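Chain by chain, the residues:
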Amino acid sequence: MGSHDGVREVRLAVTAKDWDAAVAFYRDALGMPQLADFSSDAGRVVLLDGGRATLELVDPRQAAHIDDVEVGRRVAGHIRVAFEVADTAVTTERLRAAGAAVVAEPTRTPWDSLNARLEAPAGLQLTLFQELAGED
């Protein structure tokens, strides 16, 4: 593959019925910096910086295992958005105050991260995760 072959960016495009609430949640409460505003007479759109993007493909058994570890039961749909944060507990409380429903409080996982599960604006289920390796 040449230097211009392959994927250069992963962009998750989410349609939000309550656009103002979604922007306030993801940009202001979660703290994703705004990169651009392409709003026009045709509609509103902003790009928010999510840092590095990866695509995590899991089979149904692993998805059920992740839900069991993080929540204790199968709750996610076929798409769940995971955000690595500096402090899962603090971010969970900030997002709860901003209107997210906490499905599962921060839980230490077998893969040595602190994960919380939330239902967030625009119909997204979120995992917040904090890598704990080396923090003890």
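Preceding this section is the structure that the text describes.
Just so it is clear, the structure is predicted and the values come from calculations on it, not from any experiment. (Residues numbered from 1 in each chain as written. Predicted model: local features only at pLDDT ≥ 70, side-chain atom pairs only at ≥ 80, totals over all residues. Heavy atoms only, no water.)

1. Here's the deal with the overall build of the protein
Per the secondary structure count, the protein includes three helices and six strands. Taken from the N to the C terminus, the helices and strands of the protein come in the order α-β-β-α-β-α-β-β-β. Dimensions of the protein along its principal axes, counting C-alpha atoms only, are 45 × 45 × 30 Å. When burial is assessed residue by residue, the protein has 33% of its 136 residues classed as buried. Look at the contacts in the protein between residues 6 or more apart in sequence, and 48% of them connect residues 24 or more apart. (Helix = DSSP H or I, 4+ residues; strand = E, 2+ residues; numbered from the N terminus. Buried < 20%, exposed > 50% of the residue type's maximum accessible area, 1.4 Å probe, protein only. Contact = heavy atoms within 4.5 Å.)

2. Re the nonpolar core
Ranked by internal contacts, the top residues of the largest apolar core, which has 18 residues, are Y26, F83, L95 and L126. Where this core is concerned, the elements lending two or more residues are α1 (19-29), β3 (81-84), β5 (113-120) and β6 (124-131). It is α1 that contributes the most residues to this core, four residues altogether. Sequence-distant contacts of Y26, defined by excluding residues within four places in its chain, comprise G31, M32, L48, A120, P121, L124 and L126. (Core = buried A, V, L, I, M, F, W, Y, C linked by side-chain atoms within 4.5 Å.)

3. Things to note about the sheet that holds β6
Strand order in this open sheet of four strands is β3-β6-β5-β4, and the pairing throughout is mixed. Each having just a single partner strand, β3 and β4 (101-108) make up the two edges of the open sheet. Taken pair by pair, the neighbouring strands of this sheet meet at an average axis angle of 15 degrees, ignoring direction. Relative to β5, β4 is paired through five bridges, and the arrangement is antiparallel. Counterpart to T107 in the pairing with β5 is N115. (Pairing = 2+ DSSP bridges. Axes fitted to C-alpha atoms, helices over the stretch in contact; angles between N-to-C directions.)

These values are about where atoms sit, not about what they do.
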